[in-house]
Amino acid sequence: MDAIGKVYGFYERYAGEKCIYGQSVCGQPLVALHSGGWGYPQILLQYSIHAREWITSLLALEQIAEGASEGGAWFLPLTNPDGAALSIRGADFLQGLPGERAQRLIEINGGEDFSLWKANANAVDLNVNFAADWGKGVKNVTVPGSENYIGTKPFSEPETRALAKFTRKVRPDATVSYHTKGAEIYAFYGQKGRQRQRSERLAAALSRETGYRVAETFGSCGGYKDWCIKALNIPSFTIEAGSDEYAHPLTERALSALVRENKGVAVRLAKELFNGR
């Protein structure tokens, strides 16, 4: 069973609070699972928004068991199920799509090896499709592709619309987006004053927990982290899990290291938020 099957199987067996918060381009369910209580703080963690980074979905299943030491946490283990299916299953997934869509994807990709694909089934990179200086990133492209295509407008994709709507609904006190790779934590998107200091403090705690360094990027925008900071005024983090010694796509051979480094992230973030209120 591949990572997609494991996520949906876990969801079906999960006895806690859970829901389907939307559908992908190809009609696959977008699932969310809650762990812990309902007091302060509530955090949201989302995974596999980039298709080839599907290994983070399996990390999510490990983290759910840890929950949060204070408050509770929503886990969204498979934000881009179509893209992950393309990356993992390739031609097998294409065979289940309408012929015109399958052929178009093959043309865009330049072949049937989708292992390095990052986008969704519309060839939109979901992590540049949010309304946070949309289209202004230095690596953004304006034609469909395996990565960096911004879409026709902010929230053009059902996956980003669903994630934004769900985030507004549950009103988390902080969010975490899991990517691979580089062993880095990104926490900043124009915050100043106390907001900046808050993000610095929380990022430092996550750095101590994971062993990853806190880094800052410039010329990157339109991501989920960026939108959470700019639109919702909450601390938000992108964690690039795993060493750069790994090659994309990370396989299940890397999972034990990712779990060891990241298993306590939700617990640590919740505790830091609780202690700092």
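Structure: see above.
Let me begin by describing the structure that accompanies this report. Model, not experiment: these values are computed from the prediction. (Residues numbered from 1 in each chain as written. Predicted model: local features only at pLDDT ≥ 70, side-chain atom pairs only at ≥ 80, totals over all residues. Heavy atoms only, no water.)

**Some words on the nonpolar core**
Across soluble globular proteins, you tend to see nonpolar side chains buried next to one another. Ranked by internal contacts, the top residues of the largest apolar core, which has 59 residues, are I43, L45, L94, W117, Y178, F237 and L269. Ignoring anything within four residues of it in the chain, the contact list for L94 reads L86, A102, L105, I106 and F114. W74, L126, L163 and I229 belong to the second largest nonpolar core, which has 22 residues in total. (Core = buried A, V, L, I, M, F, W, Y, C linked by side-chain atoms within 4.5 Å. Buried < 20%, exposed > 50% of the residue type's maximum accessible area, 1.4 Å probe, protein only. Contact = heavy atoms within 4.5 Å.)

**Notes on the pairing of strand β3 (residues 42-47)**
For a regular strand, side-chain orientation follows a simple rule: the groups alternate between the two sheet faces. The buried fraction of β3 is high, at 6 of 6 residues. What you see with β3 is no split at all: Q42, L44 and Q46 on one side and I43, L45 and Y47 on the other are buried throughout. The sheet contact formed by β3 and strand β4 (residues 72-76) spans 5 bridges and is parallel. Residue L45 lies in a different strand from β4, and its bridge partner there is F75. (Helix = DSSP H or I, 4+ residues; strand = E, 2+ residues; numbered from the N terminus. Pairing = 2+ DSSP bridges.)

**A closer look at the side chain of N129**
Tracing the chain through its elements places N129 in the loop between α5 (99-109) and α6 (158-170). The buried category is assigned to N129, whose relative accessible area is 0%. Looking at N129, its side chain comes within polar contact range of the main-chain oxygen of K153, at 3.1 Å. (Polar contact = N/O pair within 3.5 Å; in protein donor to acceptor, adjacent residues only side chain to side chain.)

**Looking at the pairing of strand β1 (residues 18-23)**
Summarising the sheet, β1 and strand β2 (residues 29-36) pair through 5 bridges and their orientation is antiparallel. Paired with Q23 across the strands is P29, a residue of β2.

**Digging into the packing of aromatic side chains**
Summed over all chains, the structure comprises 11 aromatic pairs. A centroid spacing of 5.6 Å and a plane angle of 85 degrees characterise the contact between F130 and F155, whose relative ring orientation is edge-to-face. Highlighted residues: F130 in the loop between α5 and α6 and F155 in the loop between α5 and α6, separated in sequence by 25 residues. Relative to W227, the ring of F130 lies with its centre 6.1 Å away and its plane at 35 degrees, an arrangement referred to as tilted. Here F130 is found in the loop between α5 and α6, whereas its partner W227 is found in helix α8 (residues 224-232), with 97 residues between them in sequence. Members of the aromatic cluster, joined through ring pairs, are Y21, W38, W74 and F166. In this structure, K18 is placed above the aromatic ring of Y11, and the distance from its NZ or CZ to the ring centre is 4.9 Å. (Phe/Tyr/Trp six-rings, centres within 6.5 Å; stacked < 30°, edge-to-face > 60°. Lys NZ or Arg CZ within 6 Å of the ring centre and 35° of its normal.)

**So, the sheet that holds strand β6 (residues 184-186)**
Strand order in this open sheet of 8 strands is β1-β2-β4-β3-β5-β8-β6-β7, and the pairing throughout is mixed. What marks the edges here is a single partner per strand, and that holds for β1 and β7 (213-215). Neighbour to neighbour, the strand axes of the sheet diverge by 25 degrees on average, direction disregarded. Where β6 and strand β8 (residues 236-241) come together, 3 bridges link them in antiparallel fashion. Paired with I185 across the bridge in β8 is I239. Seen against the sheet, α6 touches β1, β2, β3 and β4 and runs at an angle of roughly 140 degrees to β1. (Axes fitted to C-alpha atoms, helices over the stretch in contact; angles between N-to-C directions.)

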